[in-house]
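Residue-level listing of the chains:
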Amino acid sequence: DQEKYIHYMLLDVGRLSDNINRILNLARLESKSYQGDFRSTDLVQSVEDLLEMHAPLFEGCDIRIHPPAGNSWRHPVDRELFDMLVMNLLTNAVKYNQSDCPRIDIRFQEGRRNNRLCFEDNGIGISKGEARKIFRRFYQAGRAGRKLAKGSGLGLSLVQSIARLHKGRVEAHSRADGAGSI
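Computed from a predicted structure; not experimentally measured.

Caption draft 1: Broad picture of unusual backbone geometry. Residues other than glycine seldom take positive phi values, yet Lys167 does so here, at roughly 65°. With respect to the helices and strands, the residue Lys167 is situated in the segment after helix H5 (155–165). Classification of Lys167 by relative accessible area gives exposed; the value is 79%.

Right, here's the structure in full:
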């Protein structure tokens, strides 16, 4: 019994530690003095490295990377922050998924004026009304008492702040077939 309760306590400590770190990261990003360490980085390779490093977290998932034609996509990023952004999007895609094998397609799309990094999943989707709200601090999708996943409601707010710091933005919507989010 003691081992069981110690295990529960350790899980709670980990969860609380993650919440504190998210709050501190968000405060750091929103401070006027934060500059970041931006370096030209191959984002395709960065995502591949991140997936390899955290493979146990995504065991049983089908994650596919669709690189651009040249297989390389360089952009100036703060690597630590970019990794946080990617991890938050990937873990949300897995948490809000009820299929036996969560699938995530990561697409690097080059445009004339803008480039897009798209994460497309086969999860539960998102309603139009919630698509704007999910980037607010402490907001969690779903009605109270019926949440599919537990969390602090800070992950996507952090993602939005990281995107803005990189002169980008984040959008969310359901796939056309309603079976997942982009």
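Picking up after the structure, the text goes on.
Caption draft 2: The arrangement of the sheet that holds strand E4 (residues 103–110) in detail. In space, the three strands of this open sheet follow the order E2-E4-E5, with mixed pairing throughout. At either end of the open sheet lies a strand with only one pairing partner, and these are strand E2 (62–66) and strand E5 (115–121). Mean inter-strand twist for the sheet, computed between neighbouring axes without regard to direction, equals 10°. Where E4 lies against E5, seven bridges are found, and the strand directions are antiparallel. Looking at E5, one finds that Gln109 is bridged to Arg116. Sitting on the sheet, helix H3 (residues 79–95) touches E4 and E5, and the angle it makes with E5 is about 30°.

Caption draft 3: Seen up close, the confidence of the model for the chain. Per-chain confidence: the chain averages 83 in pLDDT, with 90% of residues scoring 70 or above. Scored below 50 in pLDDT, residues 143–147 shows three contacts in the model against residues more than four places distant or in partner chains.

Caption draft 4: Quick look at the environment of Asp62. With respect to the element layout, Asp62 can be found in strand E2. A sequence separation of 11 residues divides Asp62 from Leu51, and the C-alpha atoms of the two residues are 11 Å apart. Once residues within four sequence positions are removed from consideration, Asp62 is found in contact with Cys101, Pro102, Arg103 and Ile104.

Caption draft 5: Here's a closer look at the packing of aromatic side chains. In this structure the tally under the stated criterion is one aromatic pair. Arranged with centres 5.0 Å apart and planes meeting at 80°, the rings of Trp73 and Phe108 form a pair that is edge-to-face. Here Phe108 lies in strand E4 and Trp73 lies in the loop between E2 and strand E3 (74–78), a separation of 35 residues in the sequence. Phe108 shares its class with Trp73; the two are buried.

Parameters and conventions
- Along every chain, residues carry numbers that run from 1 in the direction the sequence is written.
- Since the coordinates come from a predicted model, pLDDT governs what is reported: local features require at least 70, and pairs of side-chain atoms require 80 or more to be given and counted, while whole-chain, interface and lining totals use all residues.
- To get the side-chain values, take all heavy atoms of the structure and skip hydrogens and water.
- Secondary structure elements are defined from DSSP: runs of H or I of at least 4 residues count as helices, runs of E of at least 2 residues count as strands, and each element is numbered from the N terminus.
- The rule is simple: take the accessible area with a 1.4 Å probe, protein chains only, and divide by the maximum for that residue type; under 20% is buried, over 50% is exposed, in between is partly exposed.
- Strands are treated as partners if at least two bridges between them are detected by DSSP.
- Here the axes come from fitting lines to C-alpha atoms, over the contacting stretch only for helices, and the angles between their N-to-C directions go from 0 to 180 degrees.
- By definition, residues are in contact when any of their heavy atoms lie within 4.5 Å.
- Confidence of the predictor at the level of single residues is given by pLDDT, which spans 0 to 100.
- Side-chain rings of Phe, Tyr and Trp (the six-membered ring for Trp) are treated as a pair once their centres are within 6.5 Å; stacked means planes under 30 degrees apart, edge-to-face means over 60, and tilted covers the remaining angles.

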